[in-house]
Amino acid sequence: MRKLTYFVAVSIDGFIGRPDGDANAFMPFVDEGFLEFLTTEYPETISAEGRRILGLEHLTNKRFDTVIQGRASYQVGLDAGLTSPYGHLREYVAARSIEKSPDPNVEIVAEDVVGKVRELKAEDGEFGIWLCGGATLAGVLADEVDELVIKTYPLVFGSGMPMFGSGFAIGEFALEENRTFGNGVIVRTYSRKRQGLPG
């Protein structure tokens, strides 16, 4: 069974972006040291355009071979003219408002995104699935998230787009790793505590 990992940047108060989803406030913290961490440990989370700009096209995937993101998250790439923002991964976009995929590498999931993720998790393979965002999709898939990798930036937003855009439900996770960086960023890794089935 493959893992679904929500790898996400958040403010200290738990927001992944401004109310409109803009997360550019995090970018100044991606300095040389933090970029080295990303390229070494999570290279597949750097977009195809970012790889091109930084000369990192040679990087190979280490943790994920599949990415799933919501409509609004995907729109950020579309607005920049990028129809396949993570072309080095299999890309899925959960969207009812896109009738036909604008790119052969991107599959649109219009219905039953939970079923699709369960299907992907059931595949054989050494790599996992990256939940890229955003809040609405994370809320829909909250029960399917097996691992959280939270990059907490030293900012307070006050309000904005939450990590999980869903109703109240408690899910317990165990802290596996906690790393701090000189720029004030903290990266915490959690694994979900799943209750065993009786019997």
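Described below are features of the structure shown in this document.

Parameters at a glance
Residues numbered from 1 in each chain as written. Predicted model: local features only at pLDDT ≥ 70, side-chain atom pairs only at ≥ 80, totals over all residues. Heavy atoms only, no water. Helix = DSSP H or I, 4+ residues; strand = E, 2+ residues; numbered from the N terminus. Buried < 20%, exposed > 50% of the residue type's maximum accessible area, 1.4 Å probe, protein only. Lys, Arg positive; Asp, Glu negative; His and termini not counted. Salt bridge = Lys/Arg side-chain N within 4 Å of Asp/Glu carboxyl O. Contact = heavy atoms within 4.5 Å. Pairing = 2+ DSSP bridges. Core = buried A, V, L, I, M, F, W, Y, C linked by side-chain atoms within 4.5 Å. 1 Å grid on protein atoms, 1.4 Å probe; cavity = no way out; pocket = protein on both sides within 12 Å on 5 of 7 lines; lining within 4 Å. Points joined across faces, edges and corners; volume = space filled by probe spheres on them. Nonpolar A, V, L, I, M, F, W, Y, C, P; charged D, E, K, R; others polar. Right-handed = clockwise from strand over helix to strand, strands pointing away.

Before going further, it helps to spend a moment on the side chain of Lys151. Here Lys151 is to be found in strand 7 (residues 147-152). Although Lys151 is buried, it makes no salt bridge; Glu44 carries the closest opposite charge, 11 Å away. Apart from residues no more than four positions distant in its own chain, Lys151 is found in contact with Phe7, Val8, Ala9, Val10, Phe34, Leu38, Ile186 and Val187.

Within strand 7, 6 of the 6 residues are buried, which leaves it mostly tucked inside the rest of the structure. Burial of the side chains of strand 7 extends over both faces: Glu147, Val149 and Lys151 are buried on one face and Leu148, Ile150 and Thr152 on the other. Pairing between strand 1 (residues 4-10) and strand 7: 6 bridges, direction parallel. Each residue of the ladder has a partner; that of Val8, found in strand 7, is Ile150.

Counting residues in hydrophobic clusters, the biggest one holds 25 residues, and the most contacted among them are Tyr6, Ile68 and Leu131. Among the elements of the structure, strand 1, strand 4 (90-94), helix 4 (113-121), strand 6 (128-133), helix 5 (135-140) and strand 7 are those that each provide at least two residues to this core. Excluding anything up to four places from it in sequence, Tyr6 contacts Ile16, Leu131, Gly133, Gly134, Ala138, Val145, Glu147, Leu148, Val149, Met163 and Phe164. Counting residues in each nonpolar core, the second largest holds 22 residues, with Phe7, Tyr42, Leu56 and Val185 among its members.

Okay, the layout of surface pockets next. One number sums up the size of the second largest pocket: a volume of about 290 Å³. Contributing to the lining of the second largest pocket are 13 residues, with Ala142, Phe164, Ala169, Ile170 and Gly171 lying nearest its centre. Residues that form the lining of the second largest pocket fall into these classes: 7 nonpolar, 4 polar and 2 charged.

Before going further, it helps to examine helix 1 (residues 32-41). Inspection of helix 1 places Phe34, Phe37, Leu38 and Thr39 among the buried residues, and these make up the whole buried set. Where the residues of helix 1 are buried, they touch strand 1, strand 7, strand 9 (173-180) and strand 10 (186-192).

Okay, the pattern of salt bridges next. Tallied over the entire structure, the rule returns 15 salt bridges. A salt bridge links Asp20 to Arg18, with the shortest nitrogen-to-oxygen separation between them at 3.7 Å. Using a relative accessible area of 56% as the deciding quantity, one classes Asp20 as exposed. Arg179 is the salt-bridge partner of Glu41, the closest N and O atoms lying 3.1 Å from each other. With Glu41 in helix 1 and Arg179 in strand 9, the pair connects residues that are 138 residues apart, well separated along the chain.

Now for the pairing of strand 4. In terms of burial, strand 4 is a largely internal element, 4 of the 5 residues being buried. In terms of handedness, the path from strand 3 (residues 64-70) via helix 3 (residues 71-79) over to strand 4 forms a crossover that is right-handed. For strand 4 and strand 5 (residues 106-109), the ladder comprises 4 bridges, and the chain directions are parallel. Within the sheet, the bridge partner assigned to Glu91 lies in strand 5 and is Val106.

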